[in-house]
Amino acid sequence: MISSPEFLQGEARVINELFAAGMKRFHLRKPNASVAKLIELISAIDPGYRSEVVLHQQHELADGFSMHRRHYPEALRLIQGELLEAQKRRGMGLSTSIHKLEHACTLSVFDYVFFSPVFNSISKLGYHGTLSPEFRLSKSEATPAIIALGGVDYDKIPLVMKMNFDGVAVLGAIWNKPGSPVEHFLRIQDCIHKQLENPVLNLGHD
C-alpha cells in the first residue's frame, strides 16, 4: 500500500484500520510534506505497526520512531552509492522504484523494487501501462522481488499473478475511488487470497 500524496482527514485512523485488516506494508510517500506534518502523522500510527511503515523521504525520522524501512526513488538511489550498502549491513529494509525491468538485475542490495506502470494508472492521468497481457516476468535469483505498480485493482489481480510478479502495490485503487479505503483494500485482499487458494490460477506462467 502506498499513501495518498496529500494528507487526508482521519488518515492515521485509516492507516491503523488497514493494518488491522491485514495490510502487510505501508509506504509513506508525501512528496511535498513538511517534517512537522510527517511527524504528526507518524506519531498517530499505532507503534505496533510502525516497523512495517516505509519512509519515502525525510529518512532521518526513521530512528526516532523505531522504523527500519526506507524507500529510495530512482533519482535518490542513483546518488547514494555506499550509503545503501551500509544501511543494508545495519539491517535496514530497502526498496526502490524502476521503470525498466532490465535495471532490476543491478539492484540486489534492495529487498524489492516497484516496477511501473504495469497498467494504466488510476492516480496519474495519462500514465499508461507498458506491458501486454501476454507478458511473463523472468528473473535470476540475485534479482530483488519485483512488485507490480500502476493501475492495479482487484480485477487485475489474476493477470498480475499470471505475469509472475512477486506482489502488487496499490495506490489509486485505495485512495482515488469513492467509498471506504478499508473496503477497497479488503476486496483486493480477498481476490489475492482466492488466487493463492486456486493452484490453477496461481501458476504464474502458461
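The coordinates are above.
Residues numbered from 1 in each chain as written. Predicted model: local features only at pLDDT ≥ 70, side-chain atom pairs only at ≥ 80, totals over all residues. Heavy atoms only, no water.

K.L.:
A description of the nonpolar core should follow, citing residues and the corresponding values.
P.N.:
One finds Met1 and Phe165 to be the most contacted residues of the largest nonpolar core, which totals 60 residues. A per-element tally of this core places helix α1 (residues 11-20) first, with five residues. Phenylalanine 165 has contacts with Phe115, Val118, Leu131, Phe135, Leu137, Ile146, Ile147, Ala148 and Val160, leaving out every residue within four places of it along the chain. (Core = buried A, V, L, I, M, F, W, Y, C linked by side-chain atoms within 4.5 Å. Buried < 20%, exposed > 50% of the residue type's maximum accessible area, 1.4 Å probe, protein only. Helix = DSSP H or I, 4+ residues; strand = E, 2+ residues; numbered from the N terminus. Contact = heavy atoms within 4.5 Å.)

K.L.:
Which residues make up the packing of α1 against helix α7 (residues 181-197), and what values do they have?
P.N.:
Remark: α1 packs on α7, axes separated minimally by 10 Å, with the N-to-C direction vectors making an angle of 25°. By the angle between their axes, α1 is roughly parallel relative to α7. Pair α1 / α7 crosses with right-handed handedness. Seen from α1, the contacting residues are Val14, Glu17 and Leu18; seen from α7, they are Pro181, Val182 and Phe185. Tallied by class, the residues present in the contact of α1 with α7 amount to five nonpolar, no polar and one charged. (Axes fitted to C-alpha atoms, helices over the stretch in contact; angles between N-to-C directions. Parallel < 35°, antiparallel > 145°, perpendicular 65-115°, else oblique. Left-handed = near helix turned anticlockwise from the far one by under 90°. Nonpolar A, V, L, I, M, F, W, Y, C, P; charged D, E, K, R; others polar.)

K.L.:
I'd like a description of the side chain of histidine 56, backed by residues and values.
P.N.:
By the element assignment, histidine 56 lies in the loop between β2 (53-55) and β3 (69-72). Within the local environment of histidine 56, its side chain forms a polar contact with the side chain of histidine 27, the two groups lying 2.8 Å apart. Look past the residues within four positions of histidine 56 in its chain and what remains in contact with it is His27, Leu28, Arg29, His71 and Pro73. (Polar contact = N/O pair within 3.5 Å; in protein donor to acceptor, adjacent residues only side chain to side chain.)

K.L.:
Help me get a handle on the pairing of strand β5 (residues 112-115), residues and values and all.
P.N.:
Every second residue of β5 is oriented toward a common face, with Tyr112 and Phe114 on one face and Val113 and Phe115 on the other, all of them buried. Direction of pairing for strand β4 (residues 93-98) relative to β5: parallel, over a ladder of four bridges. Within the sheet, the bridge partner assigned to serine 97 lies in β5 and is phenylalanine 114. Bridge count between β5 and strand β6 (residues 145-148): four bridges; the pairing is parallel. Note that in β6 the partner of valine 113 across the bridge is isoleucine 146. (Pairing = 2+ DSSP bridges.)

K.L.:
Report on the pattern of salt bridges, specifying residues and quantitative values.
P.N.:
Following the criterion strictly, the structure yields 10 salt bridges and no others. Glutamate 11 serves as the salt-bridge partner of lysine 30, at 2.6 Å between the closest nitrogen and oxygen. With lysine 30 in the loop between β1 (26-28) and α2 (35-44) and glutamate 11 in helix α1, this pair connects stretches of sequence that are 19 residues apart. Two residues, arginine 77 and glutamate 74, come together in a salt bridge whose shortest N-O distance is 3.7 Å. On the criterion of helical spacing, the pair formed by arginine 77 and glutamate 74 is a turn pair, its members being three residues apart in helix α3 (residues 74-77). (Salt bridge = Lys/Arg side-chain N within 4 Å of Asp/Glu carboxyl O.)

K.L.:
Break down the pairing of β3 for me, with residues and values.
P.N.:
Residue alternation in β3 divides its side chains into two sets, Arg69 and His71 and Arg70 and Tyr72, and both sets are buried. Bridge count between β3 and β4: four bridges; the pairing is parallel. Counted as the bridge partner of arginine 69 is glycine 93 from β4.

K.L.:
Explain α1 to me, and be specific about the residues and the numbers.
P.N.:
For α1, a buried count of seven out of 10 residues is recorded, marking the element as mostly surrounded by other parts of the structure. Looking at the buried residues of α1, the elements they touch are β1, α2, β2, α6 (172-175) and α7.

K.L.:
I'd like to hear about the layout of surface pockets, residue by residue, with values.
P.N.:
Taken as a whole, the second largest pocket holds about 500 Å³ of empty space. Looking at the second largest pocket, it is lined by 27 residues, and the ones nearest its centre are Ile2, Arg29, Lys124, Leu149 and Leu171. (1 Å grid on protein atoms, 1.4 Å probe; cavity = no way out; pocket = protein on both sides within 12 Å on 5 of 7 lines; lining within 4 Å. Points joined across faces, edges and corners; volume = space filled by probe spheres on them.)

Without other data, these values stay purely geometric and don't point to any function.
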